[in-house]
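Structural characterization, general
Next come the chains, spelled out residue by residue.
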Amino acid sequence: MPPSKNKNTKTNKAAETAENKVVAENENQEVEQTASADLEEKKEVVSEPTTTETKKEDEEKDPKNNESTKEADAPIEDDFTARIIVVTSGKGGVGKTTTAASISTGLAAQGHKTVVVDFDVGLRNLDLIMGCERRVVYDFINVLHGEANLNQALIKDKRTDNLYILAASQTKDKDSLSYNGVGKVLKELSDMGFEYIICDSPAGIEAGALIALYYADEAIVTTNPEISSVRDSDRILGILYAKSRRAVQNKDSVVCKLLLTRYDVNRVTKEEMLSLNDVQELLRIPVLGVIPESKEVLKSSNDGAPVILNTKCDAGKAYQDAVKRLLGEEVPLRFITEKSFFQKIFS
């Protein structure tokens, strides 16, 4: 009898072991199925983010999508008594800062209280061309951040009465500018009695440029007679007509005028650059002026003096003509045809 009992015990243990093995296998299958389900769920979450997550990602990519940011940086809609003229282009190196310096100097020389504002934060050059780089104590960004007032930041030009300069910052980036802050500064300048506010815009469509374009009443579209420069300027015109304050408020369009720089009649004749007619055909805006290629432009910039003050060189004369046209005078275009033999001798 005892041997039979041991045999039954062994049989029961074997059955129990087999049953435990089956249970363990079933549990493992359940774990694997659960893990697989969790993995699929995670894939769905990754591939199909929630609306909240999508909104958060969009706000991180573009702060302007943030509703609170939009409210804080809402452009001001007040009317300005000053004429806000932005000097702009799509391409860099076409002479925007040279133009802003000369146009503002020319307007002030005609007796109009004028301020020229450098929007090229981080890469300022206007103060160099105006010859006041050592006199910059406070800049545009200091005023925006409330670290100085306009009377502290404005620099009175030492050559021309009625002319003031508001320099950009070299240590900040262009994200320091805001629609609301810039609008308040422009409004204050207008209330101070300035007749003309000339905005020296950065090239392209970065933040500083878009803000300057937004507040423009008029635009001097500066371009070289080459196809890439003209094409980029055409893009700027599209922004002015669609995204400026005047467009948003459904007012009359920004008045856009063409300033063609570095024009070389000899190269035009050789078909090495676009002619004035070619550029007009592409952009379809009135011509404010044609500035001929001249070594005096670079020399004047290095000397810290706007080239318009050089009344002996063709570029200086061309800028004087452009200022007169800006003020409504009818002045015929010069320097668009090749000089005669006697003109070459006496020039």
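Every value quoted in this text rests on a predicted model; they were computed, and no experiment measured them.

**Here we look at the environment of I308**
Note on placement: I308 falls in the loop between α14 (295–303) and α15 (314–326). The exposure class of I308 is buried, given its relative accessible area of 6%. The spacing of I308 and T99 is 209 residues in sequence and 9.1 Å in space, taken between C-alpha atoms. Not counting chain neighbours up to four residues away, the residues in contact with I308 comprise S102, T105, G106, G316, Y319, Q320 and V323.

**Focus: the side chain of T223**
As for its position among the elements, T223 is in strand β6 (residues 218–223). Owing to a relative accessible area of 0%, T223 belongs among the buried residues under this scheme. Only 2.7 Å separates the side chain of T223 from the side chain of S229, close enough to count as a polar contact. In contact with T223, not counting residues within four places along its chain, are V94, S229, V230, S233, L258, L259, L260, T261, V279 and L283.

**Section: the packing of aromatic side chains**
Under the criterion given, the structure shown has 5 aromatic pairs. Aromatic rings pair up to connect F80, Y179, Y214 and Y215 into one cluster. The ring centre of Y164 lies 5.9 Å from the NZ or CZ of K156, which sits over that ring. The aromatic ring of F80 is capped on one face by R245, whose charged end is 4.5 Å from the ring centroid.

**Points about the side chain of T99**
Tracing the backbone shows T99 in helix α4 (residues 96–109). Excluding anything up to four places from it in sequence, T99 contacts V87, I220, T222, L259, T261 and Y319.

**Observations regarding the sheet that holds strand β2 (residues 114–118)**
Pairing is mixed across the open sheet formed by 8 strands, whose spatial order is β3-β4-β2-β5-β1-β6-β7-β8. Only two strands of the sheet have a single partner each, and these edge strands are β3 (155–156) and β8 (287–292). Judged from the 4 bridges that link them, strand β1 (residues 83–88) and β6 form a sheet pairing that is parallel. What sits directly across from I85, in β6, is E218. Packing of helix α10 (residues 227–243) onto the sheet brings it into contact with β1, β6 and β7 (255–263), and relative to β6 it is tilted by some 165 degrees. Where helix α13 (residues 276–283) meets the sheet, it contacts β6, β7 and β8, and its direction lies at approximately 150 degrees from that of β7.

Criteria and cut-off values
- Residues numbered from 1 in each chain as written.
- Predicted model: local features only at pLDDT ≥ 70, side-chain atom pairs only at ≥ 80, totals over all residues.
- Heavy atoms only, no water.
- Helix = DSSP H or I, 4+ residues; strand = E, 2+ residues; numbered from the N terminus.
- Buried < 20%, exposed > 50% of the residue type's maximum accessible area, 1.4 Å probe, protein only.
- Contact = heavy atoms within 4.5 Å.
- Polar contact = N/O pair within 3.5 Å; in protein donor to acceptor, adjacent residues only side chain to side chain.
- Phe/Tyr/Trp six-rings, centres within 6.5 Å; stacked < 30°, edge-to-face > 60°.
- Lys NZ or Arg CZ within 6 Å of the ring centre and 35° of its normal.
- Pairing = 2+ DSSP bridges.
- Axes fitted to C-alpha atoms, helices over the stretch in contact; angles between N-to-C directions.

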